[in-house]
Amino acid sequence: MPSRPFCNVYASDFDHDLVNALVVSGFPRVVPSDGLQGPEGIAVDRTGDVLVSDTGNARVISVSPDGAQTELPFSGLDRPAGVTAGASGDVYVADSGNHRVVSLPSGGNQVTWPFQDLVDPRAVVEVQDGHQTPTLWVSDAGNGTVEKRTPSSQTRVAAGLRDPQGLTGPAT
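Residue indices follow the written sequence of each chain, beginning from 1 at its first position. Two thresholds apply to this predicted model, a pLDDT of at least 70 for residue-level local features and 80 or more for giving and counting side-chain atom pairs, whereas whole-chain, interface and lining totals are computed over all residues. Heavy atoms throughout the structure, all of them, feed into the side-chain values; hydrogens and water do not.

**Some remarks on the nonpolar core**
Then, in step 1: Counting 12 residues, the largest nonpolar core consists of Ala43, Leu51, Val60, Leu72, Phe74, Leu77, Val83, Ala85, Val91, Val93, Val102 and Leu104.
Then, in step 2: Numbering of helices and strands runs from the N terminus; a helix is a DSSP stretch of H or I covering at least four residues, while a strand is a stretch of E covering at least two. Breaking this core down by element, the ones donating at least two residues are strand E8 (80-85), strand E9 (91-95) and strand E10 (100-104).
Then, in step 3: Those residues within four positions of Leu104 in sequence are excluded, and the remaining contacts are Leu72, Pro73, Phe74, Gly89, Asp90, Val91, Asn109 and Gln110.
Then, in step 4: Judged by nonpolar contacts, the second largest core, of 9 residues, contains Val31, Leu36, Val52 and Val63. Here the nonpolar core consists of buried residues drawn from Ala, Val, Leu, Ile, Met, Phe, Trp, Tyr and Cys, with membership extended through side-chain atoms lying within 4.5 Å. When accessible area is computed with a 1.4 Å probe and restricted to protein chains, residues below 20% of their type maximum are described as buried, those above 50% as exposed, and intermediate ones as partly exposed. Only heavy atoms matter for contacts: two residues are in contact if any of them lie within 4.5 Å across the pair.

Structure below.
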């Protein structure tokens, strides 16, 4: 698939180990990717690359519009679930097996975000709300909560949810 100019929605097919590009007109196309095992989270970064959390292989890949696949240099992932791309190019992952959220700053080293008491983080989203450092939101299926982390604090913004999985916010 050389380009995706009219594609704006992607769907992971966990059981078939595929990611589908759903186009405005025509039929869905498979995003070219090798060796996926249980793709779960999907995001599109500011350059048009599709980011995929490959849960079964404990990795995150990036697929460029021309189909080139790259494994992002995260280390120690265990069942990565949600993935999102930040406004500055950072990539965030809900690392469910390790009960944490990690990020890969553009051109930098992996960072573990100081969320406390996560049990099964499933999705993460960055929201720019006036802080120099982004605010992260994470859904925690194990606790049935949604947590928000600013540069200086963590806040539980929703509790009593049953298995929260997806999370999204305004485009950045």
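**Details of the sheet that holds strand E13 (residues 135-140)**
Then, in step 1: Across the sheet, 4 strands lie side by side as E12-E13-E14-E15; this open sheet has antiparallel pairing. In the strand order of this sheet, the two ends are held by strand E12 (121-127) and strand E15 (154-158), each with one partner. Looking at each pair of strands side by side, their axes are set apart by 25 degrees on average, direction ignored.
Then, in step 2: Pairing between strands is defined by DSSP: at least two bridges between the two strands are required. Two strands pair when backbone bridges link them, and strand E14 (residues 145-149) and E15 are joined in this way by 4 bridges, in the antiparallel orientation. For Lys148, the partnering residue across the bridge sits in E15 and is Thr155. Only the contacting stretch of a helix is used when fitting its axis, a line to C-alpha atoms as for every element, and angles between N-to-C directions run 0 to 180 degrees.

**Describing the layout of surface pockets**
Then, in step 1: The definitions used throughout rest on a 1 Å grid laid over the protein atoms alone, on which a cavity is an enclosed set of points accommodating a 1.4 Å probe that cannot get out and a pocket is an open set flanked by protein within 12 Å on both sides along at least five of seven lines; lining residues are those having an atom within 4 Å of a point. Grid points are joined across faces, edges and corners, and a volume is the space filled by probe spheres set on the points. Approximately 280 Å³ is the volume attributed to the second largest pocket.
Then, in step 2: What lines the second largest pocket is a set of 18 residues, and nearest its centre among them are Asp45, Asp49, Ser62, Leu72 and Val91.
Then, in step 3: In this count, Pro and Cys sit with the nonpolar residues alongside Ala, Val, Leu, Ile, Met, Phe, Trp and Tyr, while Asp, Glu, Lys and Arg are called charged and the others, Gly among them, polar. Here the residues of the lining of the second largest pocket sort into 8 nonpolar, 7 polar and 3 charged.

**A word on the sheet that holds strand E11 (residues 111-112)**
Then, in step 1: As summarised here, the arrangement of the 4 strands in space is E8-E9-E10-E11, forming an open sheet in which the pairing is antiparallel. Every other strand in the sheet has two partners, leaving E8 and E11 as the edge strands with one partner each.
Then, in step 2: In this sheet, E9 lies alongside E8 in antiparallel orientation, the contact comprising 4 bridges. Among the inter-strand pairings, Ala85 is bridged to a residue of E9, identified as Val91.

**Digging into the pairing of strand E4 (residues 39-44)**
Then, in step 1: The sheet contact formed by E4 and strand E5 (residues 50-54) spans 4 bridges and is antiparallel. By the bridge assignment for E5, Ile42 is matched with Val52.
Then, in step 2: Hairpin remark: E4 followed by E5, antiparallel, with 5 residues in the connecting loop; positive phi at Gly48, about 95 degrees.

**A few points about the environment of Val30**
Then, in step 1: Of note, Val30 is situated in strand E3 (residues 29-30).
Then, in step 2: The exposure class of Val30 is partly exposed, given its relative accessible area of 43%.
Then, in step 3: Between the C-alpha atoms of Val30 and Asp13, which are 17 residues apart in sequence, the distance is 10.0 Å.

**Quick notes on the pairing of E9**
Then, in step 1: Most of E9 sits out of view: 5 of its 5 residues are buried.
Then, in step 2: Judged by which residues are buried, E9 turns out to be covered on both faces: Val91, Val93 and Asp95 on one side and Tyr92 and Ala94 on the other are all buried.
Then, in step 3: Bridge count for E9 against E10 is 5 bridges, and the pairing is antiparallel. Opposite Tyr92, over in E10, you have Ser103 as the bridge partner.

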